[in-house]
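Structure at a glance
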Amino acid sequence: MAMLANKSVIVTGGLGALGRVVVSELAAQGARVAVLDCSARPDAGRAEVVYDGVDLCNASATAKAMESIAAQLGGIYGLVNVAGGFRYEPISEGTLDTWDLMYETNLRSCAAACLSVLPYLRSNGSGRIVNIGAASAQRATCGLGAYAASKAGVARLTESLSDELKDQSITVNAVLPSVIDTPANRLQMSGADFTRWVSPTSVAHLVAFLLSDQSIDITGALVPIVGRM
Ligand SMILES: NC(=O)c1ccc[n+]([C@@H]2O[C@H](COP(=O)([O-])OP(=O)(O)OC[C@H]3O[C@@H](n4cnc5c(N)ncnc54)[C@H](OP(=O)(O)O)[C@@H]3O)[C@@H](O)[C@H]2O)c1
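Each value, and the rule that gives it
Residues numbered from 1 in each chain as written. Predicted model: local features only at pLDDT ≥ 70, side-chain atom pairs only at ≥ 80, totals over all residues. Heavy atoms only, no water. Helix = DSSP H or I, 4+ residues; strand = E, 2+ residues; numbered from the N terminus. Rg over C-alpha atoms; globule rule 2.2 N^0.38 Å. Contact = heavy atoms within 4.5 Å. Areas by Shrake-Rupley, 256 points an atom, 1.4 Å probe, with all protein chains shown as cover. Lys, Arg positive; Asp, Glu negative; His and termini not counted. Charge placed at Lys NZ, Arg CZ, Asp CG, Glu CD. Core = buried A, V, L, I, M, F, W, Y, C linked by side-chain atoms within 4.5 Å. Buried < 20%, exposed > 50% of the residue type's maximum accessible area, 1.4 Å probe, protein only. Pairing = 2+ DSSP bridges. Axes fitted to C-alpha atoms, helices over the stretch in contact; angles between N-to-C directions. Near = heavy atom within 4 Å. Polar contact = N/O pair within 3.5 Å; in protein donor to acceptor, adjacent residues only side chain to side chain. Salt bridge = Lys/Arg side-chain N within 4 Å of Asp/Glu carboxyl O. Disulfide = S-S within 2.5 Å.

**Notes on the overall build of the protein chain**
Broken down by element type, the protein chain carries six helices and seven strands. Counted from the first residue to the last, the protein chain has its helices and strands arranged as β-α-β-β-α-β-α-β-α-β-α-α-β. Here the C-alpha radius of gyration of the protein chain, 17 Å, is about what a compact globule of 229 residues would show, namely 17 Å. At a minimum sequence separation of 6, the contacts of the protein chain that also span at least 24 residues come to 68%. Taken as a whole, the protein chain presents about 10600 Å² of accessible surface, with 52% of it coming from carbon and sulfur. Looking at the protein chain, you have 17 positive and 20 negative side-chain charges, and the mean spots of the two groups are 4 Å apart.

Quick look at the structure:
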């Protein structure tokens, strides 16, 4: 039987490069997938329900979208927080606006989605949250300060929420990719050896496992997935 048969899962950022591959893999594993994303793209891939144009930093819009998704899918079992963004900016050359942007895009969005989904997971009596963090949150190099700080926030959110929910059969984990092989990264780093990067499919397989029944004893984990970087 498929690993995620009939489990209802929301993927935030599900219209982005990684999100689309995650949606496709979860659907292939039998999940009923809903997407929440602030952008709008004509082809929504294998998602059953799509709410585009929703900014996760807007708590009431996020809560409203989750309510509609829960009604359409008959509840919510899992949340995968893929939504996020990146800025390369050396600290001495940058502005505080970048810190605000990275905080909002990566951490506030993740916290808002977690807060809105909790009532649904609690009402199931079990559930899964998987956050996409970043390997650079563990040790940041030049230009990654604001981004890595926001993703370090995602790691701490993951740890704290997992501890809070450990007696409620709700697991909370994060995966920490290095560089993912996306079209945007190939464009930005055209001279790099793409074969050393992490394939989006590898990340999607890890996410699927962390959503599955097999991962019941794993919570609060920050799982690096770094390819050959
Ligand atoms: N690409 C990498 O090498 C890499 C490495 C480590 C970690 N990650 C993480 O992996 C995740 C996906 O990366 P990606 O390369 O697939 O990025 P992406 O293609 O830009 O996809 C991210 C998606 O999230 C959406 N989004 C951003 N902020 C949002 C908000 N406040 N509310 C709702 N939706 C929002 C984006 O919409 P817009 O396009 O309209 O902004 C986009 O559709 C991110 O969290 C990223 O930090 C990526």
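**Observations regarding the nonpolar core**
Proteins that are soluble and globular tend to have nonpolar side chains buried together. In this structure, Val11, Leu26, Val80 and Val207 are the most contacted members of the largest nonpolar core, which totals 28 residues. For this core, the elements supplying multiple residues, two or more each, are β1 (8-12), α1 (17-28), β2 (32-36), β5 (127-132) and α6 (200-211). A per-element tally of this core places α6 first, with seven residues. Ranked by size, the runner-up nonpolar core spans 27 residues in total, among them Ala70, Ile76, Cys114 and Val117.

**Description of the sheet that holds strand β4 (residues 78-81)**
The strand order across the open sheet built from seven strands is β3-β2-β1-β4-β5-β6-β7, with neighbouring strands paired in parallel fashion. Taken across any chain shown, the strands that pair with only one partner, and hence form the sheet edges, are β3 (49-51) and β7 (222-225). Each strand of the sheet is rotated relative to its neighbour by a mean of 15 degrees, with strand direction disregarded. Across three bridges, β2 lies against β3 in parallel orientation. From the neighbouring strand, Ala34 faces β3, where its bridge partner is Val49. Each of β1, β4, β5, β6 (170-177) and β7 is contacted by α6, which is oriented at about 155 degrees to β5, the strand it contacts most.

**Observations regarding the pairing of β6**
Among the eight residues of β6, eight are classified as buried, and the element is accordingly described as predominantly covered. Residues Ile170, Val172, Ala174 and Leu176 point to one face of β6 and Thr171, Asn173, Val175 and Pro177 to the other, with burial holding for every one of them. Relative to β6, β5 is paired through six bridges, and the arrangement is parallel. Along β6, the bridge assignment pairs Arg128 with Thr171.

**Notes on the site of the ligand**
In the neighbourhood of the ligand, 24 residues make up the surrounding shell, with Leu18, Val82, Ser178, Ile180 and Asn185 lying closest. In this structure, an oxygen atom belonging to the ligand sits 2.8 Å away from a main-chain N or O atom of Leu18. Here a nitrogen atom of the ligand sits 3.0 Å away from a polar atom, N or O, in the main chain of Cys38. Burial of the ligand by the protein amounts to 80% of the accessible area it has alone, namely 890 Å². At the level of secondary structure, the elements contributing two or more residues to the shell around the ligand comprise α1 and α4 (145-164).

**Structural notes on the pattern of salt bridges**
Using the criterion set out here, one finds six salt bridges in the structure. Note that Arg156 and Glu159 form a salt bridge whose closest N and O atoms lie 2.8 Å from each other. Here the residue Arg156 and the residue Glu159 both occupy positions in helix α4, the gap between them amounting to three residues, near one helical turn. With relative accessibility at 45%, the residue Arg156 sits in the partly exposed group. Its relative accessible area of 32% is what places Glu159 among the partly exposed residues. Here Lys166 makes a salt bridge to Asp163, at a shortest N to O gap of 2.7 Å.

**Thoughts on the state of the cysteines**
All chains considered together, the criterion is met by zero disulfides. This cysteine, Cys38, is not joined by any disulfide, and Cys57 carries the nearest cysteine sulfur, 8.6 Å off. Considering cysteine sulfurs only, Cys110 is the nearest to Cys114, which forms no disulfide, with 4.4 Å between them.

Everything listed here is a matter of geometry and, on its own, says nothing about what the molecule does.
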